[in-house]
Amino acid sequence: MKKRISILISTIMILSILVSGCSSSSNKQNTSSKNTTNTNKKVTIKLSTWAGADESKQLQSIIDKLNANSKDYVIEQNSNPADYDTRITTQLSAGDGGPDLFWVSAQRATQLAAQGALLDITDYLSKSSNKAANVSDYYENALAPFKYQNKIYGLPWAENPVVLYINKDMFDKAKIPYPDGTWNWDKFLSVAQQLTVDANGKHPGEAGFDKNNIKQWGFTLNGWPPVQMFVWQNNGEVITPDFKSSPIDTPEAKKAFEFYSELINSPAVPSQQTIKDQGFDTMFKNQEVAMFMGGAADSLETQVKFNCGVYEVPSGPTGKKVTFGDLYGMAINAKTKNPDAVFKAFIDLTNAIQEWKVVPPLKSEVNVDALKKLHSDRSTETLDTIVKSMSYAEGFRYFVNYPDWDNIFWNQLMDPIINNKANPDTLIPKVKPQLDNVLKQYSSK
Amino acid sequence: MVDILHGYRQSNRIRNVTKKIILYVILSAIAIVILMPFFWMLSTALKSNADIFAWPPDFFPKPALWGNFVKAWHAMPFNIYLINSIFIVVLGMVAEITSETLVAYGFARFKFPGRDLIFFILLSTMMLPFHVTLIPTYLIWQKLGLVGQFDPLVIRAWTAWGPFYIFLLRQFLMGIPVELDEAAEIDGATPLQTFVHVILPQIKPALLAICIFAFRGYWNDFLGPVLYLNDMNKYTMTLGMYFFMGGVNEQPSWNYLMAMSIVIALPMLILFFIAQRYFIEGITFTGLKE
């Protein structure tokens, strides 16, 4: 009996010590951060990112340099690729206590700016002498998602345009010349077919070709690269510049959807089930697919064992060159307590990480010489392709209800085309009114 | 006669053996199916990142890269993450079990106005999806100035926040004869003394089951830490593991991810095997035998 009482008492005591220790340690930390603010006049700035294991270390070394050089701020990194969107939206909606600075995707930037969660940095930018604050140096398409009603709410720090990675060994074996910048859709599809080989060494279209026993495919796609890229290449649009309608039923757009569907159903492209089983980019890396469209930043050519080249994506039937460029940006929490110091950290960090990844979204930085200095592991030819691709890269037209629009576009149109071999011509008239409806709701606001 | 009996016994034995063989074959097949994901996880953890997607898959990688476990552990400061995890698990478990046992005791033994209504409300909170309470709870902790500390993850457990465990304990307590309490009362015990000396020893199996549940909950908790901990030095094991999911254009390190998944699953497995008997008993045992 006594033993039990003593166990209980000791448990309670340990508990109370631990809990009080817990709260006193938090008090200590609060005071210590206050002390640093007073003595060194440095503001602690919390930065949230989705950097991975290696990236968070690289980022930390960039931050360490900035912190050492700054009299105004100390940036504290809080990186985690896990559930980034849930984390950021919850923390922002709760006001202070969230991060001061954070990475933001182009899609989220538009949405968060409209909701008032991002700090308007237009005036700060015009007053700053930092290279990254020179708004006119940014590619227009790269800055667009961070603008809302003519105000700027964040800056992009990297753009990732889609390029064409090819397995040169397979081209050599088939005696096909590498892409020369003049390829259009027809040429691309015919090369893809020539690079497709069945177990008997026959190509699609030849007598005796066994489409159920293909050993090597010419190309692969599974919703990526986005169909929008092909629509733009054919002078079409999926959302008009005034955000009033989705002209997916124009002959230009329709032709692009049909081409996409033709690729999906072509023997030159693995079935969606095969792609799911064996991995999308993995099939290219494992030399089962000859051509792959990927982001320039993915640097696949440095990761594979075969001879891999980086080329521009093919142009549309009329020769129009467009590629899709994904954007990574950074923004400031509208509720931050020290906007001046946070802006200084923001602009210094933006400037620093623009030199970190391929490709900086700045016109002055996108040339082979400048990129070569930053990314010596990529060949001159590769960087040349990247520079050319940046000149015609476009992004999605994001707006506040974009997730609703995208939901319909993907589930009602693209998913059936990709996974059920649906005919785009029969789907487009059904889906267009729904897409237009989302845009109507948005523009009536 | 003896021969007939002997033959009968023998055929009976053969029948029994055949029955067992069939049973074990079926059981083994099911066990293999269930263990397959774990085996795949282990096999992936021992491969180089380049070999993971090799087709057809190679289940016995040669050479087996046991060093992946060490490399993964050192790729991020997992020593700190482990200490943080243990800190939260121990404090959270103690808090949760203490508070919930007391609350369950109250519901099971005391009559007070509105008791059933309160219990009903308590149970109905189980129906609320966590999304509903996510932001309000965050706001409360933020107003208290405790976001970024371990406090939201630990102190919340003092509020007896697990309605399911309270329900489980209450049902268990209802099965214990009130006569025991009354006997203690006659001997002059206060309700707290009765609780400690009479009730607690009786509900050990249930407490142990809840211990394991709670351990699993805190050890595997991901959403709590990801929301409330915004300092990388306070990260837990589950958060640390996610660094291997890739980043901006960092490729996911599946082998490290699987290696750390095994490390994280290990304490759970060990605990379950040790406490298996009590664990099952705690769930199925609903009352004292009359």
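Reading guide: rules and limits
Residue numbers here run from 1 along each chain, matching the order of that chain's written sequence. By the order in which they are written, chains take letters starting at A while ligands take numbers starting at 1. In view of the model being predicted, local features appear only for residues whose pLDDT reaches at least 70, and side-chain atom pairs are presented and counted only at 80 or more, with totals across whole chains, interfaces and linings using the full set of residues. Here a helix means four or more residues in a row that DSSP labels H or I, a strand means two or more in a row labelled E, and each is numbered from the N terminus. This radius of gyration counts C-alpha atoms alone. The globule rule is 2.2 Å times how many residues there are, raised to the power 0.38. For every residue, the other C-beta atoms within 10 Å of its own C-beta are counted; 20 or more classify it as buried, 12 or fewer as exposed, and values in between as partly exposed. C-beta atoms are placed from the backbone. Once C-beta atoms are placed from the backbone, any two residues with those atoms within 7 Å are in contact. Annotation comment: domain bounds sourced from an automatic or database domain assignment. Residue type decides the class: Asp, Glu, Lys and Arg count as charged, Ala, Val, Leu, Ile, Met, Phe, Trp, Tyr, Cys and Pro as nonpolar, and the leftover types, Gly among them, as polar. UniProt positions are given in the numbering used here, feature names are shortened, and annotations may be inferred rather than shown by experiment. Take the residue count of a helix, subtract one, and multiply by 1.5 Å to get its expected span. A residue's pLDDT is simply how confident the predictor is in it, with values from 0 to 100. For two strands to be treated as a pair, DSSP must find at least two bridges joining them. Only the stretch in contact is used when a helix axis is fitted, and all axes are lines through C-alpha atoms; the angle between N-to-C directions ranges over 0 to 180 degrees. Each angle is binned into one of four classes, with values under 35 degrees roughly parallel, values over 145 roughly antiparallel, values of 65 to 115 roughly perpendicular, and all other values oblique.

K.L.:
Hey, could you run me through the overall build of chain B in this one?
P.N.:
Of the regular secondary structure elements, chain B holds 13 helices and zero strands. Its helices and strands in sequence order give chain B the pattern α-α-α-α-α-α-α-α-α-α-α-α-α, from N to C terminus. Its C-alpha atoms give chain B a radius of gyration of 25 Å, more than 25% over the compact-globule value 19 Å for 290 residues. In chain B, which comprises 290 residues, the proportion classed as buried is 32%. Of the contacts made within chain B by residues no fewer than 6 positions apart, 76% connect residues no fewer than 24 positions apart.

K.L.:
Explain the overall build of chain A here, please?
P.N.:
Along chain A, the regular secondary structure elements total 17 helices and 12 strands. Counting over 445 residues, chain A shows a buried share of 44%. Counting contacts in chain A only where the partners sit at least 6 residues apart, residues at least 24 apart contribute 74% of the total.

K.L.:
Explain the domain arrangement of chain B to me, please; I cannot follow it from the model alone.
P.N.:
Accessible area lost during the coming together of the parts is what is often quoted as the interface size. Residue and element names in this part refer to chain B. We note that the domain assignment places domain 1 (2-67) and domain 2 (71-284) within chain B. Distance between the C-alpha centres of domain 1 and domain 2: 35 Å. With nine residues of domain 1 at the interface, the matching set in domain 2 holds eight residues. Counting residues per element, the side of domain 1 that touches domain 2 draws most heavily on helix α1 (residues 2-45), at four residues. Classifying every residue of the side of domain 1 that touches domain 2 by side-chain character gives four nonpolar, four polar and one charged.

K.L.:
What exactly am I supposed to notice about the UniProt feature "transmembrane region" (unreviewed entry) in chain B here?
P.N.:
If you check UniProt for "transmembrane region" (unreviewed entry), the listed places come out as residues 21-42, 80-105, 117-141, 153-173, 194-219 and 254-275 of chain B in our numbering. When the span residues 194-219 of chain B is considered, its composition is 96% helix and 0% strand, and the gap between its end C-alpha atoms is 32 Å.

K.L.:
Looking at this model, I keep getting lost on helix α5 (residues 130-143) of chain B. Mind explaining?
P.N.:
Residues separated by three or four positions in an α-helix point in the same direction, a consequence of the helix having 3.6 residues per turn. In this model α5(B) runs 20 Å from its N-terminal to its C-terminal C-alpha over 14 residues, within 8% of the 20 Å that 1.5 Å per residue would give. Those residues of α5(B) lying buried are B:Tyr138, B:Trp141 and B:Gln142. Contact partners of the buried residues in α5(B): α3 (84-93) of chain A together with α6 (151-155) and α11 (223-228) of chain B. Positioned one or two residues after α5(B), B:Gly145 has a phi angle of 75 degrees, which is positive.

K.L.:
In this structure, what is going on with the interface of chain B and chain A? I would like to understand it.
P.N.:
Opposite the 35 residues of chain B that make contact, chain A presents 40 residues. Residue assignment for the side of chain B that touches chain A shows that the elements contributing at least two residues are α3 (78-109), α5, α6, α9 (191-202) and α11 of chain B. The element that contributes the greatest number of residues to the side of chain B that touches chain A is α5(B), accounting for five residues. For the side of chain B that touches chain A, the residue count by class is 24 nonpolar, eight polar and three charged.

K.L.:
Even after reading the chapter, I still don't get the environment of A:Asp186, so can you show me in this structure?
P.N.:
Residue and element names in this part refer to chain A. By secondary structure assignment, the location of aspartate 186 is in helix α8 (residues 185-194). The exposure class of aspartate 186 is exposed, given the 11 C-beta atoms found within 10 Å. The spacing of aspartate 186 and isoleucine 62 is 124 residues in sequence and 46 Å in space, taken between C-alpha atoms.

K.L.:
Sorry, what's going on with the domain arrangement of chain A here?
P.N.:
All names here are of chain A. Here chain A is partitioned into domain 1 (41-160 + 327-393) and domain 2 (161-325 + 398-443). Computed over C-alpha atoms, the centres of domain 1 and domain 2 are 30 Å apart. Contact with domain 1, which involves 24 residues of that partner, is made by 20 residues of domain 2. Looking at the side of domain 1 that touches domain 2, the elements that each hand over two or more residues are α4 (106-114), β6 (155-167) and α15 (380-391). Here the residues of the side of domain 1 that touches domain 2 are counted per class, giving 11 nonpolar, eight polar and five charged.

K.L.:
Sorry, what's going on with the UniProt feature "domain: ABC transmembrane type-1" (unreviewed entry) in chain B here?
P.N.:
UniProt's feature table lists "domain: ABC transmembrane type-1" (unreviewed entry) at residues 82-275 of chain B, given in the numbering used throughout. Overall, residues 82-275 of chain B shows 72% helix and 0% strand. The separation of its end C-alpha atoms is 22 Å.

K.L.:
What am I meant to see in the confidence of the model for chain B here?
P.N.:
Regions with low pLDDT should not have their predicted coordinates read in detail. Residues and elements named next belong to chain B. Residues at a pLDDT of 70 or more form 94% of chain B, whose mean pLDDT is 87. Below a pLDDT of 50 lies the segment residues 286-290, which in the model reaches six contacts outside its immediate sequence neighbourhood of four places, other chains included. Per the prediction output, this complex has pTM 0.80; the corresponding ipTM is 0.75.

K.L.:
Hey, could you run me through the pairing of strand β3 (residues 101-105) of chain A in this one?
P.N.:
Residues and elements named next belong to chain A. Counting buried positions along β3 yields four of five residues, so the element is predominantly enclosed. As paired strands, β3 and strand β11 (residues 323-332) are joined by five bridges and run antiparallel to one another. Within the sheet, the bridge partner assigned to phenylalanine 102 lies in β11 and is alanine 331.

K.L.:
I would appreciate a short explanation of the environment of A:Asp404 in the present structure.
P.N.:
In this structure, A:Asp404 sits in helix α16 (residues 402-419). Remark: the alpha-carbon pair of A:Asp404 and A:Gly294, spanning 110 residues in sequence, is separated by 26 Å.

K.L.:
Got a minute to help me understand the environment of A:Ile45 in this structure?
P.N.:
Residues and elements named next belong to chain A. Among the secondary structure elements, isoleucine 45 is positioned in strand β1 (residues 43-49). Look at isoleucine 45 and you get buried, because 26 C-beta atoms sit within 10 Å. With 301 residues separating them along the chain, isoleucine 45 and phenylalanine 346 place their C-alpha atoms 9.6 Å apart. Sequence-distant contacts of isoleucine 45, defined by excluding residues within four places in its chain, comprise Tyr73, Val74, Ile75, Glu76, Asp100, Leu101, Ala341, Val342 and Ala345.

K.L.:
How should the confidence of the model for chain A be read in this particular structure?
P.N.:
When the pLDDT values of chain A are averaged, the result is 88; 90% of them are 70 or greater. Contacts of residues 16-39 of chain A to residues separated by more than four positions or lying in other chains number 12 contacts, the stretch itself having pLDDT below 50.

K.L.:
Which parts of the structure should I look at to understand the packing of α16(A) against helix α17 (residues 424-443) of chain A?
P.N.:
Helix-helix packing: each pair is described by the crossing angle between the helix axes and the interaxial distance. Residue and element names in this part refer to chain A. Close contact between α16 and α17 brings their axes to 9 Å; oriented N to C, the two are set at 175 degrees. With respect to each other, α16 and α17 are oriented roughly antiparallel. Facing α16, whose interface residues are Asp404, Trp405, Ile408, Phe409, Gln412, Leu413, Pro416 and Ile417, α17 presents Pro424, Leu427, Val431, Gln434, Leu435, Val438 and Leu439. Of the residues that constitute the contact of α16 with α17, the class distribution is 12 nonpolar, two polar and one charged.

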